[in-house]
Amino acid sequence: ECVSGCVCPEGLFDDGKGSCVEEKDCPCIHNNLWYSSGQKITVDCNTCTCQKGVWSCTGHVCYGTCMIYGSGHYITFDGKFYDFDGTCEYVATQDFCSDNNSSGSFSIITENVPCGTTGVTCSKAIKMFLGKTELKLENKDYKEIQQDIGDDVHYWNRTVGLYLVIEASNGVMLIWDKKTTVFIKLSPDYKGKVCGLCGNFDDKSNNDFTTRSGLQETNALMFGNSWKLSSMCPDVTQEIKPCDVKPHRKSWAEKECSIIRSEVFKICHSKVDPIPFYEACVHDACSCDSGGDCECFCSAVAAYAQECTKSQACVFWRTPDICPIFCDYYN
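Not measured: the values here are computed from a predicted model. (Residues numbered from 1 in each chain as written. Predicted model: local features only at pLDDT ≥ 70, side-chain atom pairs only at ≥ 80, totals over all residues. Heavy atoms only, no water.)

1. Digging into the packing of helix H3 (residues 250–257) against helix H5 (residues 275–287)
Interaxial distance between H3 and H5 falls to 8 Å at its minimum, and their mutual angle equals 135 degrees. Our classification of the angle between H3 and H5 gives oblique. At the point where H3 passes H5, the crossing takes the right-handed sense. For the pair H3 and H5, contact is made by Lys250, Trp252, Ala253, Glu254 and Cys257 and by Tyr278, Cys281, Val282, Ala285 and Cys286, respectively. Residue classes in the contact of H3 with H5 are distributed as eight nonpolar, no polar and two charged. (Axes fitted to C-alpha atoms, helices over the stretch in contact; angles between N-to-C directions. Helix = DSSP H or I, 4+ residues; strand = E, 2+ residues; numbered from the N terminus. Parallel < 35°, antiparallel > 145°, perpendicular 65-115°, else oblique. Left-handed = near helix turned anticlockwise from the far one by under 90°. Contact = heavy atoms within 4.5 Å. Nonpolar A, V, L, I, M, F, W, Y, C, P; charged D, E, K, R; others polar.)

2. Describing the domain arrangement of the protein
Along its sequence, the protein is organised into domain 1 (13–57), domain 2 (64–226) and domain 3 (242–311). Between domain 2 and domain 3, the C-alpha centre-to-centre distance is 23 Å. Interface area, domain 2 with domain 3, both sides summed: about 1400 Å², of which 62% is carbon and sulfur. Among the residues domain 2 hides against domain 3, the three largest losses belong to Tyr69, Phe81 and Thr118. Together they make up 29% of the total. Inspection of the domain 2/domain 3 interface yields zero salt bridges. (Domains from an automatic or database assignment. Buried area = accessible area lost by both parts, 1.4 Å probe. Salt bridge = Lys/Arg side-chain N within 4 Å of Asp/Glu carboxyl O.)

3. Notes on the packing of aromatic side chains
Any pair of aromatic rings gets described here by the distance separating the centres and the angle formed by the planes. For the structure on display, the rule yields twelve aromatic pairs. Taking 5.3 Å as the distance between ring centres and 40 degrees as the angle between the ring planes, the aromatic pair formed by Phe77 and Phe201 counts as tilted. Note that Phe77 is positioned in the loop between strand S9 (73–75) and strand S10 (81–83) and Phe201 in the loop between strand S19 (182–186) and helix H1 (220–226), a separation of 124 residues in sequence. Taking relative accessible area as the criterion, Phe201 reaches 2% and is therefore assigned buried. Judged by centre distance (4.7 Å) and plane angle (20 degrees), the rings of Phe209 and Phe223 are stacked. With a gap of 14 residues between them, Phe209 in the loop between S19 and H1 and Phe223 in helix H1 connect regions that are remote in the sequence. (Phe/Tyr/Trp six-rings, centres within 6.5 Å; stacked < 30°, edge-to-face > 60°. Buried < 20%, exposed > 50% of the residue type's maximum accessible area, 1.4 Å probe, protein only.)

4. Concerning unusual backbone geometry
Notably, Asp44 is not glycine yet its phi reads approximately 55 degrees, a positive angle. Structurally, the position occupied by Asp44 is in the loop between strand S5 (40–43) and strand S6 (46–51). The backbone of Gln312 shows a phi angle near 65 degrees, a positive value even though the residue is not glycine. Secondary-structure assignment places Gln312 in the loop between helix H6 (293–310) and helix H7 (327–330).

5. Points about the state of the cysteines
A full pass over the atoms with the stated rule returns 13 disulfides. Sulfur-sulfur distance for the disulfide between Cys28 and Cys50 comes to 2.1 Å. Across the S-S bond of Cys28 and Cys50 the torsion is about 90 degrees, and the bridge reads as right-handed. Of this pair, Cys28 sits in strand S3 (residues 28–30) while Cys50 sits in strand S6; the two residues are 22 residues apart in sequence, bridging distant segments of the chain. When its relative accessible area of 1% is taken as the criterion, Cys50 is described as buried. Between the sulfur of Cys97 and that of Cys195 lies a disulfide, 2.0 Å long from S to S. Since a negative S-S torsion denotes a left-handed disulfide, the Cys97-Cys195 link at about -100 degrees is left-handed. Of this pair, Cys97 sits in the loop between strand S11 (89–94) and strand S12 (106–114) while Cys195 sits in the loop between S19 and H1; the two residues are 98 residues apart in sequence, bridging distant segments of the chain. Unpaired in this structure, Cys314 has its nearest cysteine sulfur neighbour in Cys308, at a distance of 9.3 Å. (Disulfide = S-S within 2.5 Å.)

This is the structure we're talking about:
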């Protein structure tokens, strides 16, 4: 007896779009988008080619990136997204992790201070220790301090657009927007050998909350507190929700930040989940209530735009009305 339905003739395959194709022409799927046979995409530092419905990728080991931005938002080297608001100096990342602390070559410290009146904190200054050289990035500039002991680690600095880039010979790179956003890039040699608020860079995000004493934590506050530099700083005991503290700012924050979930960023939504970035944006827009609220909002949207660019989705979101940059001046 006949059964109604659609099947492809023998030797042909359904291509997911209502047509039948030969095996060599089968498409591939990535982030809910279809790619035809032979098309290439870039994932991190690798190129993937669609072959007979399966991705074939190059095997390069990529640099890791940790991002700290806005009012205490962190994305670890392994992609874990969390919030931590502490007023102190904290170890962002370092390779002084084993019991024998003398074997490391670098350490990056973030100094967090309150921004706004709700209790959230922003990164005010970054200290970068490279051998016997200490670099302090603060007030849109940096200064170098030479210590008496340590190895010589060479570094270069350059300005790229809005960012100050410091690149060291030991495979550590720091990119700073001269405000509250910092990217730390590490060469693959450091995989599994670093520790701090940026996690351990071992390609597994479920163990990123490893405390200074080596314990696995599930709570971001306990984890963050363990990486403070001075025991004199108070521990953070509760997560701050600035929109609950300043409810009158909430609707403005949600309206402004809706750009992240709007058509403007549609090309990126399937590549990078907008929800955590939208929530971080609302959090920041509520919390920056003592001047600089537009700067907080712009930094939050720029963080999402940066992740989109990394995933091959370039979005032109700045306008004369929304976070303009005077390019002629910077050029």
